[in-house]
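Coordinate analysis (summary)
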Amino acid sequence: MPRDVSHLPTALQGLRIPLIASPLFIISVPKLVIAQCKAGIVGSFPALNAREGEGEHPLLDTWLTQIKEELDRHNQANPDTPAAPYAVNQIVHRSNTRLERDLEICVKHDVPIWITSLGARVEVNEAAHSCGGVVLHDIINNRFAKKAIEKGADGLIAVAAGAGGHAGQQSPFALMAEIREWFDGPVALSGSIATGESLLAARALGADFGYTGSPFIATDEANAEQGYKDMIVDSGAEDIVYSSLFTGVWGNYLKGSVKAAGMDPDNLPQADASSMNFGDDREKPKAWKTIWGSGQGIGAIKSVGPAGDIVDRMAAEYAAAGKRLAAEFG
């Protein structure tokens with residue numbers, strides 16, 4: 001029996017499997033987003049990935065035009081299997097001096113799904129709602145979740161332990177249980193969602209969607225160095241270190257990349273939170289440029305290939321896991 005999605009906003013219905021691809025810093029570009037959407041899941045990218053030189057036409061505007069036109073062509077050619085919608089991630093931290101301009105561009109393009117990070121702001125939610133967009137705000141604990149909804153977000157992305165990039169420390173069991181005590185709106189769960197089985201587990205915990213990023217690093221369409229992709233394939237959960245050193249925000253990184261930069265991943269100092277900077281001129285310090293983020297679920301990634309193959313595998317695993325449980329409990 002198909003799952004009931006009638007309680008979800010229209011933009012979040014009709015997915016092949018209940019999965020949202022997370023926006024990956026530098027890595028998520030139109031080619032990857034388009035592949036994810038064509039495969040039937042929500043593809044996304046950070047607005048700040050679209051960088052341009054001073055005085056140039058906004059690259060974000062160009063990217064959104066490219067994504068919309070390609071997905072429109074796909075839908076016209078494949079009316080029975082249309083692409084999923086796309087999402088744009090906005091870093092709403094006060095250091096992002098490009099935010100106001102990027103909000104205007106996203107409103108102009110009627111972006112259907114907005115993912116907001118590092119601070120909940122009413123004016124950002126109002127901008128999204130002005131063009132019919134749905135806002136999902138990422139959080140690492142129940143307190144931040146309540147603040148996000150109070151300020152107008154439509155749904156949440158619960159970033160639990162084991163997620164790639166800026167990750168929380170709470171168990172997904174605890175985090176989802178606390179959120180579902182008071183919130184019945186859309187929730188995506190992040191944290192080692194790299195298989196169909198983990199996606200089904202997220203649904204069992206009460207999440208409407210899984211939220212996954214690290215598997216898509218090791219894809220043909222990802223804007224990542226080959227060494228990064230290969231390290232994802234060759235690594236597992238024990239090869240991940242949790243640190244605040246590289247951005248000022250706690251996150252998960254590949255130990256191999258930390259070692260290659262000449263540091264001991266088991267003895268890293270903490271960073272001062274005031275070092276956070278998400279301005280449009282943000283660049284990692286030269287020493288950190290080859291520090292690579294990753295979640296703990298990468299043991300499931302066995303090779304580099306098309307993004308669509310990741311979705312195909314997870315869809316098959318998700319269906320098989322569901323049938324096993326149905327047989328047991330049916």
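Residues numbered from 1 in each chain as written. Predicted model: local features only at pLDDT ≥ 70, side-chain atom pairs only at ≥ 80, totals over all residues. Heavy atoms only, no water.

Describing the sheet that holds strand β2 (residues 43-46)
Within the open sheet, the eight strands sit side by side as β1-β9-β8-β6-β5-β4-β3-β2. Their pairing is parallel. Each of the sheet's edge strands pairs with one partner strand only, and the pair in question is β1 (19-21) and β2. In this sheet, adjacent strand axes meet at a mean angle of 25 degrees when their direction is disregarded. With four bridges connecting them, β2 and strand β3 (residues 86-91) associate as parallel partners. From the neighbouring strand, Ser-44 faces β3, where its bridge partner is Ala-87. (Pairing = 2+ DSSP bridges. Helix = DSSP H or I, 4+ residues; strand = E, 2+ residues; numbered from the N terminus. Axes fitted to C-alpha atoms, helices over the stretch in contact; angles between N-to-C directions.)

Points about the sheet that holds strand β10 (residues 240-243)
A sheet is described by the order of its strands in space; here three strands give the open sequence β7-β11-β10, paired in antiparallel fashion. Where the open sheet ends on each side, the last strands, each with one partner, are β7 (165-166) and β10. By the bridge criterion, two bridges tie β7 to strand β11 (residues 251-254) in an arrangement that is antiparallel. Paired with Gly-165 across the strands is Asn-252, a residue of β11.

Details of the nonpolar core
Counting 76 residues, the largest nonpolar core has Ile-17, Leu-64, Tyr-86, Trp-114, Ile-179 and Phe-216 as the members making the most contacts within it. Examining the composition of this core, we find that seven residues originate from one element, helix α10 (residues 307-329), more than from any other. The residues contacting Ile-179, other than those within four sequence positions of it, are Ile-139, Asn-142, Ala-145, Leu-156, Ala-158 and Val-187. The next biggest cluster of nonpolar side chains, apart from the first, holds 19 residues, and it includes Leu-8, Val-134, Leu-136 and Val-159. (Core = buried A, V, L, I, M, F, W, Y, C linked by side-chain atoms within 4.5 Å. Buried < 20%, exposed > 50% of the residue type's maximum accessible area, 1.4 Å probe, protein only. Contact = heavy atoms within 4.5 Å.)

Comments concerning empty space enclosed by the protein
Tallying each qualifying case throughout the model produces one cavity of 30 Å³ or more. Approximately 30 Å³ is the volume found for the largest cavity. Split into classes, the residues belonging to the lining of the largest cavity amount to three nonpolar, four polar and one charged. (1 Å grid on protein atoms, 1.4 Å probe; cavity = no way out; pocket = protein on both sides within 12 Å on 5 of 7 lines; lining within 4 Å. Points joined across faces, edges and corners; volume = space filled by probe spheres on them. Nonpolar A, V, L, I, M, F, W, Y, C, P; charged D, E, K, R; others polar.)

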